[in-house]
Amino acid sequence: MDGSNAGVLCPPVMPYSATDQARAAAEVATLPEGTVVIRMLSDYAVMREQARACR
């Protein structure tokens, strides 16, 4: 292979409005430190960046 993404299916990245992003950030800020969902959201952010780069 030549390193291209030929044949690779890139997942769609759903857009979130600025309002939704601000609301999510406010909700996450209320969670206790060390909450596992915060780590999971961080992983999700990485996957979204990888999906964007896939195109």
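Since the structure is predicted, the reported quantities are computational estimates derived from the model, not experimental observations. (Residues numbered from 1 in each chain as written. Predicted model: local features only at pLDDT ≥ 70, side-chain atom pairs only at ≥ 80, totals over all residues. Heavy atoms only, no water.)

Chemist: Quick question: what am I supposed to make of the overall build of the protein here?
Modeler: Of regular secondary structure, the protein possesses two helices and zero strands. Taking all 55 residues of the protein together, 7% fall into the buried category. (Helix = DSSP H or I, 4+ residues; strand = E, 2+ residues; numbered from the N terminus. Buried < 20%, exposed > 50% of the residue type's maximum accessible area, 1.4 Å probe, protein only.)

Chemist: Please clarify how the side chain of Arg 48 should be interpreted in this entry.
Modeler: Here Arg 48 shows up in helix α2 (residues 36-54). This buried residue, Arg 48, is left without a salt bridge; Glu 49 holds the nearest opposite charge, at 6.6 Å. (Lys, Arg positive; Asp, Glu negative; His and termini not counted. Salt bridge = Lys/Arg side-chain N within 4 Å of Asp/Glu carboxyl O.)

Chemist: Before we go on, may I ask you to explain a nonpolar patch on the surface in this structure?
Modeler: Among the surface-exposed residues, Met 14, Tyr 16, Leu 31, Val 36, Val 37, Ile 38, Met 40, Leu 41, Tyr 44 and Met 47 lie close enough to one another that they form a single nonpolar patch of about 880 Å² accessible area. Residue placement: Leu 41 occurs in helix α2. Accessibility expressed as a relative area gives 39% for Leu 41, which makes it partly exposed. (Patch = residues over 30% accessible without salt bridge, like charges linked within 9 Å, V, L, I, M, F, W, Y side chains within 5 Å. Areas by Shrake-Rupley, 256 points an atom, 1.4 Å probe, with all protein chains shown as cover.)

Chemist: It is not clear to me how α2 should be interpreted in this structure. Could you clarify?
Modeler: Its 19 residues give α2 an end-to-end C-alpha distance of 27 Å, which sits within 8% of 27 Å, the value for a rise of 1.5 Å per residue. For α2, the complete set of buried residues consists of Arg 48, Ala 51 and Cys 54. The buried residues of α2 occupy one face: seen down the axis, they fall within an arc of 115 degrees. Structural note: α2 exposes Arg 39, Gln 50 and Ala 53 on the side pointing more than 90 degrees away from its buried face. (Expected span 1.5 Å × (residues − 1). Arc of directions from axis to C-beta.)

Chemist: Explain the environment of Ile 38 to me, please; I cannot follow it from the model alone.
Modeler: Secondary-structure assignment places Ile 38 in helix α2. For Ile 38, a relative accessible area of 32% puts it in the partly exposed group. Linking Ile 38 and Val 28, residues 10 residues apart in sequence, is a C-alpha distance of 7.2 Å.

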